[in-house]
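# Report on the structure
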Amino acid sequence: MKIAIIGTGNLGSSIAKGLIKNKAFTSLYLSDKNTSAVSQFEDEAYVTITNYNKEAVMNSDLVIFALQPRHVETVLKEVAAEITKKHLIMSVAAGFAISKIESVIGADKHIIRVMPNTAISIGKSMTCLSANDIGEEKIELAKTIFNQLGTTMVIPEEQIQAATVICASGIAFWMRLVRATTQGAIQLGFEAEEAHQLALQTCYGAASLLKESGRHPEAEIDRVTTPSGCTIEGLNEMEHQGLSSSLIKGINASFEKINQIKNS
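Residues numbered from 1 in each chain as written. Predicted model: local features only at pLDDT ≥ 70, side-chain atom pairs only at ≥ 80, totals over all residues. Heavy atoms only, no water.

For the chain, the name recorded in an unreviewed UniProt entry is Pyrroline-5-carboxylate reductase, with Seonamhaeicola sediminis as its organism. Its UniProt record gives the chain the following Function (unreviewed entry) comment, quoted word for word: "Catalyzes the reduction of 1-pyrroline-5-carboxylate (PCA) to L-proline." In its Sequence similarities (unreviewed entry) section, the UniProt record describing the chain reads: "Belongs to the pyrroline-5-carboxylate reductase family." (UniProt positions renumbered as here; feature names shortened; annotations may be inferred.)

Attention now goes to the packing of helix α6 (residues 160–187) against helix α7 (residues 192–213). Packing of α6 against α7 leaves a shortest axis separation of 8 Å and a crossing angle of 135°. Classed by the angle they form, the pair α6 and α7 counts as oblique. Here α6 runs over α7; the crossing is right-handed. Only Ala192, Ala195, His196, Ala199, Leu200 and Cys203 of α7 make contact with α6, whose side of the interface consists of Val178, Thr181, Thr182, Ala185 and Ile186. Looking at the contact of α6 with α7, its residues break down into eight nonpolar, three polar and no charged. (Axes fitted to C-alpha atoms, helices over the stretch in contact; angles between N-to-C directions. Helix = DSSP H or I, 4+ residues; strand = E, 2+ residues; numbered from the N terminus. Parallel < 35°, antiparallel > 145°, perpendicular 65-115°, else oblique. Left-handed = near helix turned anticlockwise from the far one by under 90°. Contact = heavy atoms within 4.5 Å. Nonpolar A, V, L, I, M, F, W, Y, C, P; charged D, E, K, R; others polar.)

For strand β2 (residues 27–31), the tally of buried residues reaches five of five residues, placing the bulk of the element in the interior. The alternating pattern of β2 places Ser27, Tyr29 and Ser31 on one face and Leu28 and Leu30 on the opposite face, and all of these are buried. Note that strand β1 (residues 2–6) and β2 share five bridges and pair parallel. Directly across from Ile3, in β2, lies its bridge partner Leu28. Handedness of the β1-helix α1 (residues 10–21)-β2 crossover: right-handed. Both β2 and strand β3 (residues 47–50) contribute to a ladder of four bridges, which runs parallel. In the sheet register, Ser31 faces β3, and the bridge partner there is Thr50. (Buried < 20%, exposed > 50% of the residue type's maximum accessible area, 1.4 Å probe, protein only. Pairing = 2+ DSSP bridges. Right-handed = clockwise from strand over helix to strand, strands pointing away.)

Attention shifts here to the environment of Ile89. Note on placement: Ile89 falls in strand β5 (residues 88–91). The spacing of Ile89 and Glu55 is 34 residues in sequence and 15 Å in space, taken between C-alpha atoms. Discounting chain neighbours no more than four positions away, the residues touching Ile89 are Val63, Phe65, Ile83, Ile105, His110, Ile111 and Ile112.

Another aspect to go through is the UniProt feature "domain: Pyrroline-5-carboxylate reductase dimerisation" (unreviewed entry) in the chain. Look at the UniProt record and you will see "domain: Pyrroline-5-carboxylate reductase dimerisation" (unreviewed entry) annotated at residues 157–260. Secondary structure content for residues 157–260 is 84% helix and 0% strand, while the C-alpha to C-alpha distance between its ends is 17 Å.

The next subject is the packing of aromatic side chains. In total, this model carries zero aromatic pairs according to the counting rule given. The ring of Phe96 carries Lys100 above its face, with NZ or CZ at 5.4 Å from the centroid. (Phe/Tyr/Trp six-rings, centres within 6.5 Å; stacked < 30°, edge-to-face > 60°. Lys NZ or Arg CZ within 6 Å of the ring centre and 35° of its normal.)

Attention now goes to the nonpolar core. Of all hydrophobic cores here, the largest spans 29 residues; its most connected members are Ile5, Leu19, Leu28, Ile64, Met90, Ile112 and Phe146. Elements with a minimum of two residues in this core: β1, α1, β2, β4 (62–65), β5, β6 (110–115), β7 (125–131) and α5 (139–147). Ranked by size, the runner-up nonpolar core spans 20 residues in total, among them Ile6, Ala93, Ile98 and Ile101. (Core = buried A, V, L, I, M, F, W, Y, C linked by side-chain atoms within 4.5 Å.)

Strand pairing in a sheet is mediated by backbone hydrogen bonds. Such pairs are either parallel or antiparallel. Read from one edge to the other, the open sheet built from eight strands follows the order β3-β2-β1-β4-β5-β6-β7-β8, with strand pairing classed as mixed. Each edge of the open sheet is held by one strand with a lone partner, namely β3 and β8 (150–154). Sheet twist, expressed as the average angle between the axes of neighbouring strands with direction ignored, equals 20°. Where β6 lies against β7, four bridges are found, and the strand directions are antiparallel.

A word on helix α4 (residues 98–105). Of the positions making up α4, those classed as buried are Ile98, Ile101 and Ile105. Projection of α4 onto a plane perpendicular to its axis shows the buried side chains occupying an angular sector of 60°, all on one side. Taken together, the buried residues of α4 touch α3 (69–79), β5, β6 and β7. Following α4 by one or two positions, Gly106 has its phi on the positive side, about 105°. (Arc of directions from axis to C-beta.)

Rendered as structure tokens:
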């Protein structure tokens, strides 16, 4: 698979790292107006760095547009003449609908919206996919590619905004919870590095337990809490202070904001 990534900011670079790590391409073009931003990839085998978007499209089968939403339409218009029916076009731009992409390059092109998160750089992304009618023909190919970089889920396009909040923004939410746990551990007397390791591995263990056991979070919580014990004391205090409520409110605030971006 000949792949091009147009736009190599944080997410574009993360996708590139994941593809390179998993050797998931025969050639990879990385196109950005600021090529110095991707100089880290210049010595990688079968990777070409360019600031000429048309070159990237012409030399690829799959093009991933990893641009900020306000730049997508301009770049699509720039390369539209080079996009053929053989191409699979993917966009990771939040709030930029498939219908907008179709209005520029045509509804007869294979188009898939992709919502990964930055854990794609280490092959641990939760990636959601939504396709236009003709893009459905390529959805299994898209799953094959992104399953090498984590886990995929195919969802209706109307759920992509919500998936962005849960999966992409969600990385930051979980990072903040890890940081808060680290700060708590420091207050209890651990050195900063020790506190970080304790918080990080415990978070990883919790997620792994849920994934491998398939059990509900409350079932695992019940295995840890004992009558009149310290765990239930801590959990109840957190809930009294609004832990779950604050997290849910934050998720909804992010969702409201991304819908403003969509409608702007």
